[in-house]
Amino acid sequence: MIHLTEIRKAFNQGQDNEFWALNGIDLSIAAQRVTALRGPSGSGKTTLLTVVGCLARPTSGRVRLHDEEISGLPERFLTEIRRRTFGFVFQQFNLIKGLSALENIMLPAYPLGRDWSGLKDEAERLLESLKLSHRRDARVEWLSGGEQQRVAICRALINDPQVVIADEPTANLDTALAKEFMGILAMLKEQGKTVLLTSHDPLVVESELVDTVVDLRDGHLVGVN
(Lines give C-alpha, C1' and ligand atoms only; values in the text may rest on other atoms or scores of the structure.)
Protein backbone atom coordinates (compact mmCIF):
# COMPACT_ATOMS: atom_id res chain seq x y z
CA MET A 1 0.00 0.00 0.00
CA ILE A 2 2.75 2.44 1.01
CA HIS A 3 6.24 2.04 -0.41
CA LEU A 4 9.29 4.04 0.64
CA THR A 5 12.44 4.05 -1.49
CA GLU A 6 15.78 5.47 -0.33
CA ILE A 7 14.09 7.96 2.01
CA ARG A 8 16.46 10.48 3.55
CA LYS A 9 15.42 13.43 5.71
CA ALA A 10 17.71 16.26 6.84
CA PHE A 11 17.09 19.08 9.25
CA ASN A 12 19.02 22.38 9.05
CA GLN A 13 20.58 21.20 5.80
CA GLY A 14 23.69 23.15 4.81
CA GLN A 15 24.15 24.61 8.30
CA ASP A 16 26.65 23.79 11.01
CA ASN A 17 24.01 21.86 12.93
CA GLU A 18 22.84 19.79 9.95
CA PHE A 19 21.24 16.55 11.12
CA TRP A 20 20.11 13.56 9.08
CA ALA A 21 17.14 11.97 10.83
CA LEU A 22 16.58 9.31 8.14
CA ASN A 23 19.28 7.67 6.08
CA GLY A 24 18.16 5.61 3.09
CA ILE A 25 14.98 3.93 4.34
CA ASP A 26 13.48 1.24 2.08
CA LEU A 27 10.20 -0.05 3.47
CA SER A 28 6.82 -1.38 2.33
CA ILE A 29 3.80 -1.02 4.59
CA ALA A 30 1.08 -3.56 3.88
CA ALA A 31 -2.60 -2.64 3.75
CA GLN A 32 -4.93 -3.77 6.54
CA ARG A 33 -2.02 -4.69 8.78
CA VAL A 34 -0.53 -3.22 11.96
CA THR A 35 3.07 -2.08 11.61
CA ALA A 36 5.08 -0.85 14.60
CA LEU A 37 8.22 1.27 14.34
CA ARG A 38 10.55 0.54 17.25
CA GLY A 39 13.76 2.22 18.32
CA PRO A 40 15.37 4.45 20.95
CA SER A 41 14.86 8.20 21.14
CA GLY A 42 16.48 9.83 18.12
CA SER A 43 16.18 6.73 15.96
CA GLY A 44 13.94 8.47 13.41
CA LYS A 45 10.60 6.82 14.29
CA THR A 46 8.52 9.98 14.50
CA THR A 47 10.24 11.57 11.49
CA LEU A 48 9.38 8.51 9.44
CA LEU A 49 5.75 8.74 10.58
CA THR A 50 5.55 12.35 9.40
CA VAL A 51 7.00 11.45 6.00
CA VAL A 52 4.59 8.54 5.52
CA GLY A 53 1.64 10.69 6.62
CA CYS A 54 2.53 13.56 4.25
CA LEU A 55 3.19 15.91 7.16
CA ALA A 56 6.78 16.35 5.96
CA ARG A 57 8.59 15.87 2.67
CA PRO A 58 11.68 13.70 2.42
CA THR A 59 14.90 15.48 1.49
CA SER A 60 15.39 12.74 -1.08
CA GLY A 61 13.77 9.46 -2.02
CA ARG A 62 10.28 8.47 -3.08
CA VAL A 63 7.00 7.79 -1.31
CA ARG A 64 4.36 5.83 -3.22
CA LEU A 65 0.75 5.40 -2.11
CA HIS A 66 -1.29 2.85 -4.07
CA ASP A 67 1.50 2.83 -6.69
CA GLU A 68 1.25 6.60 -7.18
CA GLU A 69 4.31 8.64 -6.29
CA ILE A 70 3.22 11.39 -3.91
CA SER A 71 6.44 12.79 -2.47
CA GLY A 72 6.77 15.41 -5.20
CA LEU A 73 3.15 16.55 -5.31
CA PRO A 74 2.29 20.23 -4.61
CA GLU A 75 1.21 20.99 -1.05
CA ARG A 76 -2.47 21.43 -1.94
CA PHE A 77 -2.60 17.84 -3.22
CA LEU A 78 -0.75 16.52 -0.19
CA THR A 79 -3.25 18.29 2.05
CA GLU A 80 -6.11 16.53 0.29
CA ILE A 81 -4.34 13.16 0.61
CA ARG A 82 -3.81 13.76 4.34
CA ARG A 83 -7.47 14.57 4.89
CA ARG A 84 -8.87 11.62 2.97
CA THR A 85 -6.28 8.91 3.57
CA PHE A 86 -4.73 9.39 7.01
CA GLY A 87 -5.99 9.80 10.55
CA PHE A 88 -3.47 10.97 13.14
CA VAL A 89 -3.21 10.26 16.86
CA PHE A 90 -0.43 12.48 18.20
CA GLN A 91 1.58 11.64 21.31
CA GLN A 92 0.34 14.75 23.13
CA PHE A 93 -3.13 14.30 21.54
CA ASN A 94 -3.18 17.96 20.28
CA LEU A 95 -6.81 18.50 21.30
CA ILE A 96 -8.17 22.06 21.25
CA LYS A 97 -8.76 23.35 24.76
CA GLY A 98 -12.04 25.17 25.30
CA LEU A 99 -13.87 22.90 22.86
CA SER A 100 -15.90 19.87 23.82
CA ALA A 101 -14.99 16.31 23.01
CA LEU A 102 -17.63 16.26 20.28
CA GLU A 103 -16.42 19.53 18.75
CA ASN A 104 -12.81 18.32 18.69
CA ILE A 105 -13.80 15.14 16.89
CA MET A 106 -15.71 17.02 14.20
CA LEU A 107 -12.97 19.55 13.40
CA PRO A 108 -10.98 17.57 10.77
CA ALA A 109 -14.12 16.98 8.71
CA TYR A 110 -15.10 20.64 8.27
CA PRO A 111 -12.79 21.29 5.27
CA LEU A 112 -14.46 18.43 3.41
CA GLY A 113 -17.82 20.23 3.46
CA ARG A 114 -19.79 17.34 4.93
CA ASP A 115 -23.36 17.73 6.08
CA TRP A 116 -23.24 19.00 9.67
CA SER A 117 -26.05 16.81 10.94
CA GLY A 118 -24.58 13.66 9.45
CA LEU A 119 -21.14 14.63 10.72
CA LYS A 120 -22.47 15.11 14.24
CA ASP A 121 -24.19 11.71 14.11
CA GLU A 122 -20.92 10.08 13.00
CA ALA A 123 -18.96 11.79 15.79
CA GLU A 124 -21.49 10.60 18.35
CA ARG A 125 -21.34 7.06 16.92
CA LEU A 126 -17.56 7.06 17.34
CA LEU A 127 -17.85 8.29 20.91
CA GLU A 128 -20.35 5.52 21.65
CA SER A 129 -18.08 2.89 20.09
CA LEU A 130 -15.31 3.91 22.51
CA LYS A 131 -17.68 4.16 25.48
CA LEU A 132 -17.33 7.92 25.82
CA SER A 133 -20.83 9.18 24.97
CA HIS A 134 -21.32 10.45 28.50
CA ARG A 135 -18.40 12.90 28.02
CA ARG A 136 -19.46 14.27 24.64
CA ASP A 137 -20.09 17.81 25.92
CA ALA A 138 -17.18 18.01 28.36
CA ARG A 139 -14.29 20.33 27.52
CA VAL A 140 -11.27 18.23 26.65
CA GLU A 141 -9.12 19.78 29.38
CA TRP A 142 -11.56 18.28 31.90
CA LEU A 143 -11.00 14.76 30.63
CA SER A 144 -8.60 12.16 32.00
CA GLY A 145 -5.59 11.05 29.95
CA GLY A 146 -7.35 7.90 28.80
CA GLU A 147 -10.46 9.85 27.85
CA GLN A 148 -8.41 12.39 25.93
CA GLN A 149 -6.74 9.60 23.99
CA ARG A 150 -10.11 8.10 23.05
CA VAL A 151 -11.27 11.52 21.83
CA ALA A 152 -8.06 11.78 19.79
CA ILE A 153 -8.74 8.35 18.26
CA CYS A 154 -12.32 9.33 17.41
CA ARG A 155 -10.99 12.49 15.77
CA ALA A 156 -8.53 10.42 13.75
CA LEU A 157 -11.40 8.22 12.50
CA ILE A 158 -13.96 10.93 11.66
CA ASN A 159 -13.04 11.01 7.96
CA ASP A 160 -12.97 7.20 7.76
CA PRO A 161 -9.26 7.07 6.84
CA GLN A 162 -7.61 4.06 5.25
CA VAL A 163 -4.53 4.54 7.43
CA VAL A 164 -4.34 5.38 11.14
CA ILE A 165 -1.00 6.79 12.33
CA ALA A 166 -0.25 6.84 16.06
CA ASP A 167 2.90 8.24 17.67
CA GLU A 168 3.78 6.47 20.95
CA PRO A 169 0.11 5.80 21.76
CA THR A 170 0.80 4.27 25.19
CA ALA A 171 3.66 6.54 26.28
CA ASN A 172 1.52 8.64 28.62
CA LEU A 173 -0.78 5.87 29.84
CA ASP A 174 -0.61 3.54 32.80
CA THR A 175 -0.80 -0.22 32.25
CA ALA A 176 -4.59 -0.42 32.54
CA LEU A 177 -5.12 2.35 30.00
CA ALA A 178 -2.45 0.90 27.72
CA LYS A 179 -4.37 -2.39 27.68
CA GLU A 180 -7.50 -0.40 26.88
CA PHE A 181 -5.70 1.09 23.89
CA MET A 182 -4.78 -2.41 22.71
CA GLY A 183 -8.46 -3.24 22.71
CA ILE A 184 -9.07 -0.24 20.47
CA LEU A 185 -6.21 -1.38 18.23
CA ALA A 186 -7.90 -4.76 17.89
CA MET A 187 -11.12 -3.00 16.85
CA LEU A 188 -9.28 -0.96 14.19
CA LYS A 189 -7.63 -4.09 12.83
CA GLU A 190 -10.97 -5.89 12.69
CA GLN A 191 -12.36 -2.96 10.69
CA GLY A 192 -9.62 -3.44 8.11
CA LYS A 193 -7.67 -0.29 8.88
CA THR A 194 -3.98 -0.02 8.10
CA VAL A 195 -2.26 1.05 11.32
CA LEU A 196 1.24 2.49 11.57
CA LEU A 197 2.50 3.33 15.04
CA THR A 198 5.68 4.03 16.93
CA SER A 199 6.38 2.37 20.25
CA HIS A 200 9.05 0.88 22.47
CA ASP A 201 6.40 -0.49 24.86
CA PRO A 202 6.62 -4.32 24.97
CA LEU A 203 2.85 -4.44 25.56
CA VAL A 204 2.47 -3.01 22.06
CA VAL A 205 5.37 -4.31 19.98
CA GLU A 206 5.17 -7.86 21.37
CA SER A 207 1.40 -8.07 20.93
CA GLU A 208 -0.06 -10.63 18.53
CA LEU A 209 -2.05 -7.73 17.04
CA VAL A 210 1.13 -6.29 15.52
CA ASP A 211 1.93 -7.94 12.20
CA THR A 212 5.30 -6.29 11.50
CA VAL A 213 7.91 -4.66 13.75
CA VAL A 214 10.39 -2.33 12.04
CA ASP A 215 13.54 -1.56 14.04
CA LEU A 216 15.26 1.79 13.55
CA ARG A 217 18.51 3.16 14.96
CA ASP A 218 20.25 6.45 14.12
CA GLY A 219 17.99 6.96 11.11
CA HIS A 220 18.75 3.54 9.63
CA LEU A 221 16.44 0.58 9.22
CA VAL A 222 18.15 -2.26 11.08
CA GLY A 223 15.51 -4.98 11.01
CA VAL A 224 12.01 -6.00 9.93
CA ASN A 225 10.27 -8.82 11.78
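Up top you'll find the structure we're talking about.
Residues numbered from 1 in each chain as written. Predicted model: local features only at pLDDT ≥ 70, side-chain atom pairs only at ≥ 80, totals over all residues. Heavy atoms only, no water.

**Q** Before we move on, can you summarise the overall build of the protein with the specific residues and values?
**A** Along its length, the protein carries seven helices and 10 strands. Here the C-alpha radius of gyration of the protein, 18 Å, is about what a compact globule of 225 residues would show, namely 17 Å. Taking the principal axes of its C-alpha atoms as reference, the protein extends roughly 50 × 40 × 35 Å. Counting contacts in the protein only where the partners sit at least 6 residues apart, residues at least 24 apart contribute 67% of the total. Accessible area for the protein stands at about 10,900 Å²; split by element, carbon and sulfur atoms hold 47% of it. (Helix = DSSP H or I, 4+ residues; strand = E, 2+ residues; numbered from the N terminus. Rg over C-alpha atoms; globule rule 2.2 N^0.38 Å. Contact = heavy atoms within 4.5 Å. Areas by Shrake-Rupley, 256 points an atom, 1.4 Å probe, with all protein chains shown as cover.)

**Q** Explain the nonpolar core to me, using residue names and the numbers behind them.
**A** The biggest cluster of nonpolar side chains holds 41 residues, and the ones touching the most others in it are Val151, Leu185 and Leu197. Contributions of two or more residues to this core are made by β3 (34–38), α3 (101–106), α4 (116–129), α5 (145–157), β7 (163–167), α6 (175–190), β8 (194–198) and α7 (202–205). Among the elements that make up this core, the one with the highest residue count is α5 (six residues). Non-local contacts of Leu197, meaning those with residues more than four positions away in its chain, are made with Val34, Thr35, Ala36, Leu37, Ala166, Pro169, Leu185 and Val204. Judged by nonpolar contacts, the second largest core, of 27 residues, contains Ile25, Cys54, Leu73 and Ile165. (Core = buried A, V, L, I, M, F, W, Y, C linked by side-chain atoms within 4.5 Å. Buried < 20%, exposed > 50% of the residue type's maximum accessible area, 1.4 Å probe, protein only.)

**Q** Residue-level account of the pairing of β7, with values.
**A** With respect to burial, β7 is a largely interior element, five of its five residues being buried. Residues Val163, Ile165 and Asp167 line one face of β7 and the alternating positions Val164 and Ala166 line the opposite face, and both faces are buried. The pairing of strand β6 (residues 86–89) with β7 spans four bridges and is parallel. Each residue of the ladder has a partner; that of Gly87, found in β7, is Val164. Relative to β8, β7 is paired through five bridges, and the arrangement is parallel. What sits directly across from Ala166, in β8, is Leu197. Chirality of the crossover, the property in question, places the unit of β7, α6 and β8 among those that are right-handed. (Pairing = 2+ DSSP bridges. Right-handed = clockwise from strand over helix to strand, strands pointing away.)

**Q** Please set out a nonpolar patch on the surface residue by residue, giving values where relevant.
**A** Among the surface-exposed residues, Ile96, Leu107, Tyr110 and Trp116 lie close enough to one another that they form a single nonpolar patch of about 390 Å² accessible area. Structurally, Trp116 is set in helix α4. (Patch = residues over 30% accessible without salt bridge, like charges linked within 9 Å, V, L, I, M, F, W, Y side chains within 5 Å. Salt bridge = Lys/Arg side-chain N within 4 Å of Asp/Glu carboxyl O.)

**Q** Pulling in residues and values, what's your account of the sheet that holds β3?
**A** Read across the sheet, six strands follow the order β6-β7-β8-β3-β9-β10 without closing on themselves; strand pairing throughout is mixed. Every other strand in the sheet has two partners, leaving β6 and β10 (220–224) as the edge strands with one partner each. Averaged over all neighbouring strand pairs, the angle between strand axes comes to 20°, with direction disregarded. Strands β6 and β7 of the sheet are contacted by α5, whose axis makes an angle of about 170° with β6. (Axes fitted to C-alpha atoms, helices over the stretch in contact; angles between N-to-C directions.)

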